Structures are given as structure tokens and as C-alpha cells.
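# Analysis of the macromolecular model
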Amino acid sequence: MYEVTSFSANHVPDLVDALTSLSAIDPLYPPRAVVVAGETAKWLLQYPSLYRAVALVDGKAVGHVQIVPTMNENGIKTLRSVGVDAYFSENKQVHKMFEIARLFVGTQYHGKGLGKLLLENAVEYLENKDLIPVLCVEETQTHATALYDKSGWKLCGTFENRLGTNVKVYS
């Protein structure tokens, strides 16, 4: 049985397992150095979140999504929001934009609709708070870009992140 529920610290070990399975097919997610150093849990939890949810299969956390602000509490833009701004600078509601981030599902659960459930859950959370969802994803993450395209997200453009990787911006 599949279920989406609020994140708790008890889910971290299962999520580390899911991320480890992903790193075998995508060396950028999570970054290989993070997995090798045994810091996957730290990487997962490093950013403050407005919201986090997990996908459960028979009580085991196999997927995750979080919502992060595009500005910090002092109104200073986050690194990724600088790229987002290039596509939304004319929007007077940039302060209401939040990025759906760290969306993943363990490889053995790909193709079962869990990523879509997590994405829909995050969008619903933001819309209920009258906030605007945006997505940023590295071009190499083809599973993610396929999900966003299939789910009707509009590709707004790309920018190069601080690591030199092209990042797609969706709204």
C-alpha cells in the first residue's frame, strides 16, 4: 500500500537507503562524494524546509519531497533562486515562490507513481497556503525531468549552477 505522510526523523535511515540506490544510477544525486563520505543524511537535512513529506510502502519510507524558500528569513535570495529570478523577475510575487526540492523515490519503486504523488502533495500544500511552486532540476536527472514534463510543468529555461551543471527551471 502506498501512502504520503509528513516527514519525521524516524524516516531518515530508509531515505538514506533510497538515496544510496539512486546514486548508483546518477552520480550527481545525491553527489557521489556525499555518499562515499557517509553524509547522505546530513545532505538530505541540510536546508531549512517549509514542509517535508515521504512516500511510504508498507510502512517503509521510499521517497521524499521538501519545500524550500527561494529567499532566506532576511530576504536574501538563495543560490538557486538567482537562477529562478532570471525567469520570474517581472513577477511581483517572487517572495511567494517556493522551490519543490529533494524529490526522489528509491530506484526499486520507480514507475509506480510515487514521484507523482509526492509532487502533487507538495503542490497542494503550497496552493493551500496561496504560495507559488517552482522546480529546479539538473538536466542529467532524466527521471525527474520526464516526470515534470509528463505532469504538465512548463519549462521556463535553464541556468548554469555554481558547479557548472545546467539546471532546468519549471513553473
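Here is a short report on the structure shown in this document. (Residues numbered from 1 in each chain as written. Predicted model: local features only at pLDDT ≥ 70, side-chain atom pairs only at ≥ 80, totals over all residues. Heavy atoms only, no water.)

### A look at unusual backbone geometry
Using the following cut-off: Segments assigned H or I by DSSP are reported as helices when at least four residues long, segments assigned E as strands when at least two residues long, and all are numbered from the N terminus.
Non-glycine residue R102 carries a positive phi angle of around 45 degrees. Relative to the helices and strands, R102 is located in strand β4 (residues 97-105). Backbone geometry at D130 places phi at a positive 55 degrees, although glycine is not the residue there. Assignment of secondary structure puts D130 in the loop between α5 (114-128) and β5 (132-138).

### Considerations on α5
Note the threshold: Here, expected helix span is obtained from the residue count minus one, scaled by 1.5 Å. Two residues qualify as a contact provided that any one of their heavy atoms is within 4.5 Å of a heavy atom in the partner residue.
Compared with an ideal rise of 1.5 Å per residue, which puts 15 residues at 21 Å, α5 spans 21 Å between its outermost C-alpha atoms and is within 8% of the ideal. Where the residues of α5 are buried, they touch β1 (2-6), β2 (51-57), β3 (60-69), β4, β5 and α6 (142-150). Where α5 ends, the next residue or the one after it, D130, has phi of about 55 degrees, a positive value.

### Details of helix α1 (residues 12-23)
Here is the rule we go by: Throughout this description, buried means an accessible area under 20% of the type-specific maximum (1.4 Å probe, protein chains only), exposed means over 50%, and partly exposed covers the range between.
With 12 residues, α1 extends 16 Å from end C-alpha to end C-alpha; this agrees with the ideal 16 Å at 1.5 Å per step. Here α1 has its buried residues at V12, L15, A18, L19, S21, L22 and S23. Summarising the contacts, the buried residues of α1 are in contact with α2 (32-36), α3 (40-45), β2, β3 and β4.

### Focus: the pattern of salt bridges
Here is the rule: Any Lys or Arg side-chain nitrogen found within 4 Å of a carboxyl oxygen on Asp or Glu counts as a salt bridge.
Throughout the structure, instances matching the rule amount to two salt bridges. K96 serves as the salt-bridge partner of D130, at 2.8 Å between the closest nitrogen and oxygen. Residue D130 is located in the loop between α5 and β5, and its partner K96 is located in the loop between α4 (79-88) and β4; the two are separated by 34 residues in the primary sequence. Taking relative accessible area as the criterion, D130 reaches 53% and is therefore assigned exposed. Here E120 ties to K116 by a salt bridge, and the two come within 4.0 Å at their closest N and O atoms.

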